[in-house]
Amino acid sequence: MNIHLAILPGDGIGPEIMTQCVAVVNAVAKRFNHNITYTEAICGADAIDKVGDPFPKETLRICQQADAVLFAAVGHPKYDNNPTSPIRPEQGLLAMRKQLGLFANIRPIQTFPCMVHKSPLKDELVSGADFICIRELTGGMYFGEKQRDNDRAFDTNVYTRPEIERILHVGFKYARQRNHHLTVVDKANILDTSRLWRQIAKEMEPLYPDVRTDYMFVDYASMRLIMEPRYFDVIVTENTFGDILTDEAACITGSMGMLPSASIGTGTPLFEPVHGSWPQATGKNIANPIAMILSAAMMFEHLDLKKEGALIRQAVQASLDANVRTPEIQAEGHPYYGTSEVGAWIVEFIVQSV
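First, a word on what this report is: a plain description of the structure on this page.

Reading the values: the criteria
- Residues numbered from 1 in each chain as written.
- Predicted model: local features only at pLDDT ≥ 70, side-chain atom pairs only at ≥ 80, totals over all residues.
- Heavy atoms only, no water.
- Helix = DSSP H or I, 4+ residues; strand = E, 2+ residues; numbered from the N terminus.
- Rg over C-alpha atoms; globule rule 2.2 N^0.38 Å.
- Buried < 20%, exposed > 50% of the residue type's maximum accessible area, 1.4 Å probe, protein only.
- Areas by Shrake-Rupley, 256 points an atom, 1.4 Å probe, with all protein chains shown as cover.
- Lys, Arg positive; Asp, Glu negative; His and termini not counted.
- Charge placed at Lys NZ, Arg CZ, Asp CG, Glu CD.
- Axes fitted to C-alpha atoms, helices over the stretch in contact; angles between N-to-C directions.
- Parallel < 35°, antiparallel > 145°, perpendicular 65-115°, else oblique.
- Left-handed = near helix turned anticlockwise from the far one by under 90°.
- Contact = heavy atoms within 4.5 Å.
- Expected span 1.5 Å × (residues − 1).

## Here we look at the overall build of the protein chain
In terms of regular secondary structure, the protein chain is built from 13 helices and 12 strands. Relative to the 2.2 N^0.38 estimate, which gives 20 Å for 354 residues, the radius of gyration of the protein chain is 20 Å and therefore close to what a compact globule would have. When its C-alpha atoms are laid out on the principal axes, the protein chain stretches across 55 × 50 × 40 Å. Out of the 354 residues in the protein chain, the part that is buried amounts to 55%. For the protein chain, the exposed surface amounts to about 15400 Å²; the carbon and sulfur share of it is 53%. For the protein chain, the distance from the average site of its 33 positive side-chain charges to the average site of its 42 negative ones is 2 Å.

Dropping the structure here:
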C-alpha cells in the first residue's frame, strides 16, 4: 500500500519523539511491505520564528495532500509567559483543526497493568479502566467571538445543531463498536449551549436503540472520572469540557506520555500525543515517545491496517514489560532509558517479529 504522510514535529520535544515515531512507522512499513513517503512541515513557535505564522498556508497545503498527518506538539515559554503576545503557537493548532475540518478528537484512556502503580489513584480504582473521550474540536468558546481590554474580556460559547449532531453521531458509533454505553457530558443546569446539546442527544437516542445513553453535568463527571473510571465506556462532550476532562483522565494511566489521540472530520485525519511540548526537556533525551508511537498505531488502524496497529501496540507493551522506559514511568530499581533507546528497542521488536 502507498501511504503519504505529513510530518509536523513542532516545538520542544516534538522533533525528538517524531524521529522515533517515524522509525517505528518505517519498521512497520518494511514488515508489511508498504511504501510510505513523507513531507515535513513547520508549525507552532517554530513556524512563528521562521515565517511569522503558527500554521502557514504551505503547511496546510502539505497536510491537505497527505493521507494522514503525524503531529507532535506546539508551545514555547516565551509565548506562554507573555499573555499580551498577539500570535501564539496554540493558535496554529486551532487553525489546523478548523482548516482541516477536524471536528472530533478521539482520546483512548487505557491502563497498562505494569504501570498501574504510577497512577496517583489507588490500584483498585484504575485497574481495568478502558474508555474513550470524544471531544468536539471546532466549536465553543475556543472559536467564538472574543474581546479583551484592560478591564473586561469575553469569550463567546456558540454551538449549532449540525455541529452537535455530527459529534454525537461519532460518539454513538464508537459506543456501538465497544460496550454500547455513551455518556453525554454537559452543564445543562446552567448553560443554554449545554441544554441544546442535551436536547439534541435525546432526540438522537432512538436512532441508536442498542446504545445505553446517560447524561452527566461536567462537574460531577470530573469527580466520577476519579472515583469510578471503570464506569465509563465512551464519553462525548463539547470543546472546553473535553479539553479539561481528557487531561484529568490522563492521571488514570500514570503518565500523559502514554496517551495517543486522533482528530478526524471532513479533511485529512491527524494523529498526535495528548501531551505538550515540554520545552524544558528539549535535547535531553528523556521524553517518553510512547504516546507519539501509539498515535501511529491509531493512524494505521484508521487506514484499516489493523495488523500494523496491533503490532505497534504489542511492541509498546513488550517494552513496558521489559522495563525499557523513560525516567518518568520507570519502575523503582531499574535503569532509565532515553527517548532514542526506547524507540530503538520498539523498532527492533518489530523487526524481529514473525
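More follows now that the structure is in view.
## Let's talk about the packing of helix α12 (residues 306–321) against helix α13 (residues 339–352)
In the contact formed by α12 and α13, the axes pass within 9 Å of each other and the chain directions differ by 125°. Considering their axes alone, α12 and α13 lie oblique with respect to each other. Pair α12 / α13 crosses with right-handed handedness. Between α12, through L311, I312, Q314, A315, V316, A318 and S319, and α13, the contact on the second element is made entirely by W345, I346, F349 and I350.

## Regarding helix α11 (residues 290–302)
With 13 residues, α11 ought to run about 18 Å at 1.5 Å a step, and its terminal C-alpha atoms sit 18 Å apart, in line with that. A large share of α11 lies buried, amounting to 11 of its 13 residues. When α11 is considered as a whole, its buried residues turn out to be I290, A291, M292, I293, L294, S295, A296, A297, M298, M299 and F300. Just beyond α11, the residue with positive phi is D304, at close to 65°.

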